[in-house]
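Residues per chain are reported as follows:
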Amino acid sequence: MSDAVSRFPVTELEDLPEDLRERIGAIAEKSGFVPNIFRALGHRPAELRAFLDYHDALMERADGLTKAERELVVVATSGANHCTYCVVAHGAILRIRAKDPELADRVSSNPWQVELDERGRAIVDLALALARDSALFGEGDLEAARDAGLTEDEIWDIGAITALFAMSNRLAHLTALRPNPEFFLLGRTPR
């Protein structure tokens, strides 16, 4: 088994352009490590900037979905797309934000059977409808989300997050991106 992080070149933090070095450095300081996605996308700085900008615009919004609900969308989407990197990395973030050590594993492995409240179920169902076969996505999916009380802005966020991470999942597949070992333990309680 290879120890390679990616099939393509990776860039270390110190080799990134200054603006990205500061931006990624802040994330690394908070988490204690540089997530491999940034190292993998770093050899194309313009694409890394665009990815981060859209990610932050969707995932750091103060209104609408909670931060945990946003991560729930990422984990459901990434599980549907069989993306190991994103399931592991965002599963860790979901465990922390939801304060639930089991939720991410349940959603990523069998999102249809995980017990969720009505709002959580509507969020996951909408993300899955768009992630699994987007050509079949339609008004019925939107109506179910509205009936569960999701606002138009929240529905847009779920769709946009699903779309961004469908792209991210495919980049992770293209690169054979490996999760950082640190992600596996984040948000888990020792037994």
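Residues numbered from 1 in each chain as written. Predicted model: local features only at pLDDT ≥ 70, side-chain atom pairs only at ≥ 80, totals over all residues. Heavy atoms only, no water.

To continue, consider the environment of His90. Among the secondary structure elements, His90 is positioned in helix α5 (residues 84-98). Taking relative accessible area as the criterion, His90 reaches 10% and is therefore assigned buried. Expressed as a C-alpha distance, the spacing of His90 and Leu72, which sit 18 residues apart in the sequence, is 8.5 Å. Dropping the residues within four chain positions of it, His90 is found in contact with His55, Glu71, Val74, Val75 and Phe165. (Helix = DSSP H or I, 4+ residues; strand = E, 2+ residues; numbered from the N terminus. Buried < 20%, exposed > 50% of the residue type's maximum accessible area, 1.4 Å probe, protein only. Contact = heavy atoms within 4.5 Å.)

A separate point is the packing of aromatic side chains. Taken as a whole and assessed by the stated rule, the structure comprises two aromatic pairs. Between Phe33 and Phe183 the ring centres are 4.9 Å apart and the planes differ by 85°, which places this aromatic pair in the edge-to-face class. In this pair, Phe33 is assigned in the loop between α1 (18-31) and α2 (36-41) and Phe183 in helix α10 (residues 181-185), connecting sequence segments 150 residues apart. Accessibility classification places Phe33 together with Phe183 in one group, the buried group. A centroid spacing of 6.2 Å and a plane angle of 85° characterise the contact between Tyr85 and Phe183, whose relative ring orientation is edge-to-face. Remark: Phe183 occurs in helix α10 and Tyr85 occurs in helix α5; sequence separation between them is 98 residues. On the basis of relative accessible area, Tyr85 is assigned to the buried category, the value being 4%. Three or more aromatic residues link up through ring pairs in this structure, and these residues are Phe33, Tyr85 and Phe183. (Phe/Tyr/Trp six-rings, centres within 6.5 Å; stacked < 30°, edge-to-face > 60°.)

Glancing now at unusual backbone geometry. Unusually for a residue other than glycine, Lys99 sits at a positive phi of about 55°. Inspection of the secondary structure assignment puts Lys99 in the loop between α5 and α6 (103-109). Taking the relative accessible area as the measure of exposure, Lys99 reaches 73% and is therefore exposed. Of note in the backbone geometry, Ala176 takes a positive phi value of approximately 55° without being a glycine. Within the secondary structure, Ala176 is located in the loop between α9 (152-175) and α10. Ala176 sits in the partly exposed class, given a relative accessible area of 33%.

With that settled, consider the domain arrangement of the protein chain. Domain parsing of the protein chain yields domain 1 (11-60) and domain 2 (66-185). One C-alpha centre belongs to domain 1, the other to domain 2, and the line joining them spans 22 Å. At the junction of the two partners, domain 1 supplies 13 residues and domain 2 supplies 20 residues. Taking both sides of the interface into account, the surface hidden between domain 1 and domain 2 amounts to around 1,400 Å²; carbon and sulfur atoms contribute 69%. Interface area lost by domain 1 to domain 2 is led by Phe33, Leu58 and Met59, which between them contribute 44%. The interface formed by domain 1 and domain 2 includes one salt bridge. (Domains from an automatic or database assignment. Buried area = accessible area lost by both parts, 1.4 Å probe. Salt bridge = Lys/Arg side-chain N within 4 Å of Asp/Glu carboxyl O.)

It is worth spelling out the state of the cysteines at this point. Here a disulfide denotes a covalent bond joining the sulfur atom of one cysteine to the sulfur atom of another. Enumeration over the complete set of coordinates arrives at zero disulfides. The structure places no disulfide on Cys83, whose sulfur is separated from the nearest cysteine sulfur, that of Cys86, by 3.6 Å. Looking at Cys83, the relative accessible area reads 1%, which means it is buried. (Disulfide = S-S within 2.5 Å.)

The next subject is the UniProt feature "domain: Carboxymuconolactone decarboxylase-like" (unreviewed entry) in the protein chain. Those residues carrying the UniProt feature "domain: Carboxymuconolactone decarboxylase-like" (unreviewed entry) are residues 45-97 in this numbering. In this annotation, residues 45-97 is assigned 81% helix and 0% strand; the end-to-end C-alpha distance for the span is 29 Å. (UniProt positions renumbered as here; feature names shortened; annotations may be inferred.)

The next point concerns the nonpolar core. Of all hydrophobic cores here, the largest spans 50 residues; its most connected members are Tyr85, Ile158 and Ile161. In terms of residue count, α9 provides more of this core than any other element does, seven residues in total. Each of two domains, domain 1 (11-60) and domain 2 (66-185), supplies a minimum of three residues to this core. Those residues within four positions of Ile158 in sequence are excluded, and the remaining contacts are Leu65, Val73, Ile123, Leu126, Ala127 and Leu150. (Core = buried A, V, L, I, M, F, W, Y, C linked by side-chain atoms within 4.5 Å.)

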